[in-house]
Amino acid sequence: MAVERTFSIIKPDATRRNLTGRINAVFEQNGLRIVAQKRIWMSRQHAKTFYAVHKDRPFYASLVDFMCSGPVVVQVLEGENAVAKHREVMGATDPAKAADGTIRKLFAESIEANSVHGSDSVENAAIEIAYFFAGYEIVG
Ligand code: CMP
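This text gives an overview of the structure that appears in the document. Small disclaimer: the values here were computed from a predicted structure and weren't measured. (Residues numbered from 1 in each chain as written. Predicted model: local features only at pLDDT ≥ 70, side-chain atom pairs only at ≥ 80, totals over all residues. Heavy atoms only, no water.)

Here's the deal with the environment of Val 89
Alright, step 1. With respect to the element layout, Val 89 can be found in helix α5 (residues 82–90).
Alright, step 2. Judged by relative accessible area, which is 6%, Val 89 ranks as buried.
Alright, step 3. Measuring from C-alpha to C-alpha, the distance between Val 89 and Leu 32 comes to 10 Å, with 57 residues separating the pair along the chain. (Helix = DSSP H or I, 4+ residues; strand = E, 2+ residues; numbered from the N terminus. Buried < 20%, exposed > 50% of the residue type's maximum accessible area, 1.4 Å probe, protein only.)

Remarks on the packing of aromatic side chains
Alright, step 1. Within this structure, the stated rule accounts for six aromatic pairs.
Alright, step 2. For the ring pair Phe 7 and Phe 132, a centre distance of 5.0 Å and an interplane angle of 15 degrees mean the geometry is stacked. Separated by 125 residues along the polypeptide, Phe 7 in strand β1 (residues 3–10) and Phe 132 in helix α7 (residues 122–132) bring together distant segments of the chain.
Alright, step 3. Under the relative-accessibility criterion, Phe 132 is labelled buried at 7%.
Alright, step 4. One aromatic cluster is present, formed by Phe 7, Phe 50, Tyr 51, Tyr 131 and Phe 132 through successive ring pairs.
Alright, step 5. For the cation-ring pair, Lys 38 lies above Phe 133, with the distance from its terminal atom to the ring centre recorded as 4.6 Å. (Phe/Tyr/Trp six-rings, centres within 6.5 Å; stacked < 30°, edge-to-face > 60°. Lys NZ or Arg CZ within 6 Å of the ring centre and 35° of its normal.)

Remarks on the sheet that holds β1
Strand pairing within a sheet occurs via backbone hydrogen bonds; the two strands may be parallel or antiparallel.
Alright, step 1. Taken in spatial order, the four strands line up as β2-β3-β1-β4 in an open sheet, and their pairing is antiparallel. Looking along the sheet, the strands with just one partner apiece sit at the ends: β2 (33–40) and β4 (116–118). Within this sheet the neighbouring strands show an average axis-to-axis angle of 20 degrees, counted without direction.
Alright, step 2. As judged from the three bridges shared by β1 and β4, these two strands associate in the antiparallel manner. Following the sheet pairing, Ser 8 is matched in β4 by Gly 118.
Alright, step 3. Contacts from α7 reach β1, β2, β3 (72–80) and β4, with the element oriented near 55 degrees to β1. (Pairing = 2+ DSSP bridges. Axes fitted to C-alpha atoms, helices over the stretch in contact; angles between N-to-C directions. Contact = heavy atoms within 4.5 Å.)

Structure follows, in structure tokens:
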């Protein structure tokens, strides 16, 4: 299996409830190494551009509002098969459908306030990482 990098966001619903450490522990227990991390407050324009792929979906405006409603923690995670592993430990987008033990099952409040975001492919991970991090901020 290849060592990959993926992009992760701990969302405002999770930072508000002081869950950053508990979520990071799940990542680390599952072989994902945090090789970059910073806590930021996204601007509206930053959130709109990041989620532009969803701009025609009915939840887009509300999602942008939510992502700007408080601090987030953006991260780069590294490990064997990191993209798929990260998606597995996050669980389904809708917490009502997420498997037991996954982050969204444990912590998410709703399909929107679902605690975490993760890239869906190695290609998109590279794009999303470059949107938030300079190369010198990533230390494997
Ligand atoms: P994320 O994995 O960050 O990708 C898009 C986000 O849109 C998703 O998590 C949710 O936070 C949010 N969202 C809100 N409603 C929906 C929906 N009906 N389907 C998918 N995503 C939704």
